[in-house]
Amino acid sequence: MLDFLQALDGNILLFIQEHLRQPWMDGFWKAITHLGDGGFFWIAAAAALLLWKSTRKAGISASFALVIGALITNVALKNLVARIRPYEVVEGLMRIIERQHDFSFPSGHTCASFAAAFALYKTLPRRWGITCLVLAALISLSRLYVGVHYPSDVLGGAAVGIFAGWAGAALAEYISEKRKQAP
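Keep in mind that what you see is a predicted model, and the values were worked out from it rather than measured.

Draft legend 1. Structural detail: the nonpolar core. W42 and L120 are the most contacted members of the largest nonpolar core, which totals 18 residues. Counting only elements with at least two residues in this core, the list comes to helix 3 (40-50), helix 4 (56-81), helix 6 (108-123) and helix 7 (126-145). Top element by residues in this core is helix 6. It accounts for five residues. In this structure W42 touches L66, A112, S113, A116, A117, L120, C132, L135, A136 and I139, once residues within four positions along its chain are discounted. By size, the runner-up hydrophobic cluster in this structure holds 15 residues, among which are L13, W29, Y87 and L144.

Draft legend 2. Layout of the packing of helix 6 against helix 8 (residues 151-181). Axis separation between helix 6 and helix 8 bottoms out at 7 Å; the angle between their running directions is 35 degrees. Of the two elements, helix 6 crosses helix 8, and the hand of that crossing is right-handed. Residues T110, C111, F114, A115, F118, A119, K122 and T123 of helix 6 form the contact with helix 8, whose participating residues are V154, G157, A158, V160, G161, I162, A164, G165, W166 and A169. A breakdown of the residues in the contact of helix 6 with helix 8 according to their chemical character gives 12 nonpolar, five polar and one charged.

Draft legend 3. Looking closely at the pattern of salt bridges. Inspection of every chain in the model, using the stated rule, returns seven salt bridges. Salt-bridge contacts for D102 lead to R85; the nearest nitrogen and oxygen are separated by 2.3 Å. Taken together, the positions of D102 in the loop between helix 5 (86-89) and helix 6 and R85 in the loop between helix 4 and helix 5 put the pair 17 residues apart, joining distant regions of the chain. The class for D102 is partly exposed, based on a relative accessible area of 36%. Each of D9, R83 and D153 takes part in one network of salt bridges that share partners.

Draft legend 4. Up close: unusual backbone geometry. In this structure, the amide linkage connecting F105 to the following residue, P106, adopts the cis form with an omega of -10 degrees. Looking at the secondary structure, you find P106 in the loop between helix 5 and helix 6. The residue A82 is not glycine, and still its phi comes out positive at about 50 degrees. With relative accessibility at 30%, the residue A82 sits in the partly exposed group.

Draft legend 5. Structural detail: the packing of aromatic side chains. Taken as a whole and assessed by the stated rule, the structure comprises five aromatic pairs. Plain terms: the ring middles of F41 and W42 are 5.1 Å apart, the flat faces sit at 90 degrees to each other, and that makes the pair edge-to-face. Assessed through its relative accessible area of 34%, F41 is described here as partly exposed. Aromatic rings pair up to connect F28, W29 and Y145 into one cluster.

How each quantity is defined
Residues numbered from 1 in each chain as written. Predicted model: local features only at pLDDT ≥ 70, side-chain atom pairs only at ≥ 80, totals over all residues. Heavy atoms only, no water. Core = buried A, V, L, I, M, F, W, Y, C linked by side-chain atoms within 4.5 Å. Buried < 20%, exposed > 50% of the residue type's maximum accessible area, 1.4 Å probe, protein only. Helix = DSSP H or I, 4+ residues; strand = E, 2+ residues; numbered from the N terminus. Contact = heavy atoms within 4.5 Å. Axes fitted to C-alpha atoms, helices over the stretch in contact; angles between N-to-C directions. Left-handed = near helix turned anticlockwise from the far one by under 90°. Nonpolar A, V, L, I, M, F, W, Y, C, P; charged D, E, K, R; others polar. Salt bridge = Lys/Arg side-chain N within 4 Å of Asp/Glu carboxyl O. Phe/Tyr/Trp six-rings, centres within 6.5 Å; stacked < 30°, edge-to-face > 60°.

Honestly, that's just the spatial picture; any functional story needs more than this.
Written out as structure tokens, the structure is:
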């Protein structure tokens, strides 16, 4: 079964490379993928939201979500699974960005993006939350386009990210309620 999934993952990436990659789109997808580098875009967004009282809860939620997601993904799962990047394994697959220096599963870009975006979706007005989720999806898809993650890496990152986003928002809500109850 794992061999079938590995082959399916590889075939999807080769399909993207052969049929969807276009030189005129490469710059767009590279820029989108680099928005997710180190989670810095999402960290900056969370930090900016902390500045105003009206958005502070959203900033706290996103911050918690990013920490939870990073611990699960980058500290635990990447090292436990230790999946080699697809461009090292899938014959004929070419990456169009720099070599990545960590393991492949789950996608950290995807996890951070969905963690922050889902927490913001839960705490900001709907239009901003949906905008964040669309950006998270674009960053996630970019990882396939540039050839540095398998589709299952992205799905795993999204699952962990959504959980982390939910947990971050729930934790921020819990702390907010406790503070209201304090004398």
